[in-house]
Amino acid sequence: MLRTGEMPAKDLLKQRDIKFRLLFEDNPLPMWVLDRDTLGFLEVNHAALAHYGYTHEEFLSMTLADIRPNEDVARLKDSVARAKGLALSGQWRHCLKDGRLIDVEVASHTISYGGRKAVLSVLQDITQRKQLEEQLRQSAKMEAVGMLAGGIAHDFNNLLTILLNALPEADPNHSAVEQIMKAGERAATLTRQLLSYSRREVLQPKLLNLNQLLTGMEAMLRRLIGEDIEFRFVPGRDIGQVHADPGQIEQVVMNLAVNARDAMPRGGTLTIETSDVELDQQDTSTHTTVKPGKYVSLVVSDNGSGMNAETRAHLFEPFFTTKAQGQGTGLGMTTVFSIVKQSGGAMEVYSEPGKGTSVKVYVPRIDQAAVTETEAPLAKAMRGSETILLVEDEDQVRNLVRDTLRRAGYKVLDAAHATEARRIEGAYNGPIHLLITDVVMPKEGGRDLAAALAPHRPAMKVLFMSGYTDQAAVDGELLNHRPSFIQKPFTPSALTSKVREILESDGESSKGAGG
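Residues numbered from 1 in each chain as written. Predicted model: local features only at pLDDT ≥ 70, side-chain atom pairs only at ≥ 80, totals over all residues. Heavy atoms only, no water.

### Points about the packing of aromatic side chains
Scanning all chains against the criterion turns up 7 aromatic pairs. Ring centres of Tyr 295 and Tyr 362 lie 5.9 Å apart, and the angle between their planes is 70°; this geometry places the pair in the edge-to-face category. Highlighted residues: Tyr 295 in strand β10 (residues 293-302) and Tyr 362 in strand β12 (residues 357-366), separated in sequence by 67 residues. Residue Tyr 362 is classed as buried on the basis of its relative accessible area, which comes to 4%. (Phe/Tyr/Trp six-rings, centres within 6.5 Å; stacked < 30°, edge-to-face > 60°. Helix = DSSP H or I, 4+ residues; strand = E, 2+ residues; numbered from the N terminus. Buried < 20%, exposed > 50% of the residue type's maximum accessible area, 1.4 Å probe, protein only.)

### Description of unusual backbone geometry
Of note in the backbone geometry, Leu 39 takes a positive phi value of approximately 60° without being a glycine. Counting through the fold element by element, Leu 39 comes out in the loop between β1 (31-35) and β2 (41-44). Although it is not a glycine, Lys 443 sits at a positive phi angle of roughly 70°. Owing to a relative accessible area of 91%, Lys 443 belongs among the exposed residues under this scheme.

### Some words on helix α18 (residues 492-504)
The terminal C-alpha atoms of α18, which comprises 13 residues, lie 18 Å apart, in line with the 18 Å expected from a rise of 1.5 Å per residue. Within α18, burial applies to Ser 493, Leu 495, Thr 496, Lys 498, Val 499, Arg 500, Ile 502 and Leu 503. Elements in contact with the buried residues of α18: β13 (387-391), α13 (395-407), β15 (434-438), β16 (461-466) and β17 (485-487). (Expected span 1.5 Å × (residues − 1). Contact = heavy atoms within 4.5 Å.)

### A closer look at the sheet that holds strand β3 (residues 90-95)
In sheet architecture, strand pairing relies on hydrogen bonds along the backbone and comes in two forms, parallel and antiparallel. Taken together, 5 strands build an open sheet; the order of strands is β2-β1-β5-β4-β3 and the sheet is antiparallel. Looking along the sheet, the strands with just one partner apiece sit at the ends: β2 and β3. Within the sheet, the average angular offset between the axes of one strand and its neighbour, ignoring direction, is 35°. Both β1 and β2 contribute to a ladder of 3 bridges, which runs antiparallel. For Val 33, the partnering residue across the bridge sits in β2 and is Glu 43. (Pairing = 2+ DSSP bridges. Axes fitted to C-alpha atoms, helices over the stretch in contact; angles between N-to-C directions.)

### Structural notes on the environment of His 46
Position of His 46 among the secondary structure elements: in helix α2 (residues 46-52). For His 46, a relative accessible area of 48% gives the class partly exposed. Ignoring anything within four residues of it in the chain, the contact list for His 46 reads Glu 25 and Asp 26.

Now the structure itself:
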C-alpha cells in the first residue's frame, strides 16, 4: 500500500529514465555507454553521432578499438587489461568517420546498464587546445633559434664586412674574393627564413619595381626549378612601384617557386605574372583578405598536383608540410605570409587537386618612380674632409672602416668602446661632424652613447651600424630614421655614400635617437 505522496515504482522508474535521457541524449558533450568487458558500444548520444559522423546503428556495431588509430590499439588493450576496464579516462586519440584524427579528454565511470557491467564516458574534443599548446612550444623554440641565429648573423656580417673591405679592386686576388663573397652571401641567406618567421630581421624597405627585381632573379629561378619545368615570366606593362624589402620579396618568390617545383615532379610550367590592380569594395567582397586600394599583383602559378581543401586550411600553419620527413621545414608558406603581412600586403591561394596552384600576392602600390641604386667605386663626390668619431668594438671592422674613411679624405677619431669614445670626445677641441657607432657593444650601446654626447655636440650627426638582424637590438627611432642606419656587411662605396648622405642632410633624421 502506497503512502500519501509516494510515487508508484513504475512511475518512478519512468521518471528516472526521462531524466537519464535528458542528461544523456541532449547533453552537448559526446557521451556513450560501453560494455565493460568487450568495449562494445551499448548506447551513444546525439552529440557523439554529430561529432564523429557515424550513425546510431554503426556505433552499436563497433567497439572502442574501431575508433582508435591502429598504433594506439595495443596501448588501449594493455591499459584495459591492467586496470580491469577502468583505464578509459585520460587523453586519447580518436578517428572520425571521415578519417580525421582528433584529441579527446575522456572522463569515465562504471555503471550498471541493462544488467551488464558498463562504463559511462563523457568526452571533450581538445584538438584545438593541443594545437595551440604545440604552437606555443614551437614559438618558444623559434624565439630561441631566432636569438641564436641573430647572434650568428651579427658575427657573420662582421666577417663579411672585413672581407668586402679587405682587398682593393685592382688586387689580382680580388676576383677570387668576390667568388668567396658570393658563396658567403648565399650562406647568409640561410638564416633569413628563420629570422623572418621569428620576426627578428630588420626590414630595409625601399621603392621597388617588381619587374626589374624578377628580371634579375630569372636566371637563378631557371636553375632552381630545373630543366624539366618550363619557366614563363609575364611582366605587366608600366607597373607601379612597391615599398618593400627587396631581399624579403626575393625570398617570397623563391619559396613559392620551390613549392611549385615540388608540386611538378614530372615537369610542368611555372608562370610568374605581375600587373597593376585596383580593387574597390565590390571586388574585395570576393577577396576576403584584401582591402580596397591600389596594388601591384604578383601571381605565381603552376600546373602541378594541386591541394585539397584540408591542405589549404593548414597552409600557413608553422611547421605544416606535405613533404616527406627531412624534405621540408614547414616554414616556407608561413614565412611568405609573414613577409607579405609585414609589407602591408595580402595573399590568396587558389588550388584544386590535379589542377595546379595559383598564389596571388597583393602589395600596396606606390605611384612614385623608383630610384635606381648602383654600387660605384669611390668617386670624388663621395670624398670629404670632415671629422668623424668612429666607435666599433670589433678590431678588424674598426680598422677597415677607419682606413676606408681616411682614404676618402676624412679625419677619423676611432674608439673600441663607449668609454674610450667619451674620453676622446671630451679631449678633442675641434668640431666632430659625424658619430659612426655600432649599435650593440659591451657595457654601453651606440644609442646610449649618441644620447650622452648629443648635449655636448648638438650639431653632430649620427650613423648607426650593426651586424645584428635582430629587430629588438636595433629598433626605435634609429629604424624610423632609415638614413641614419647602415646594415653590415657593407662595401667601401656603400659606406662612403652613406656618410656623404648623412653629412649633407639638413634634417633631424640623422641625429642620434634621443639626441
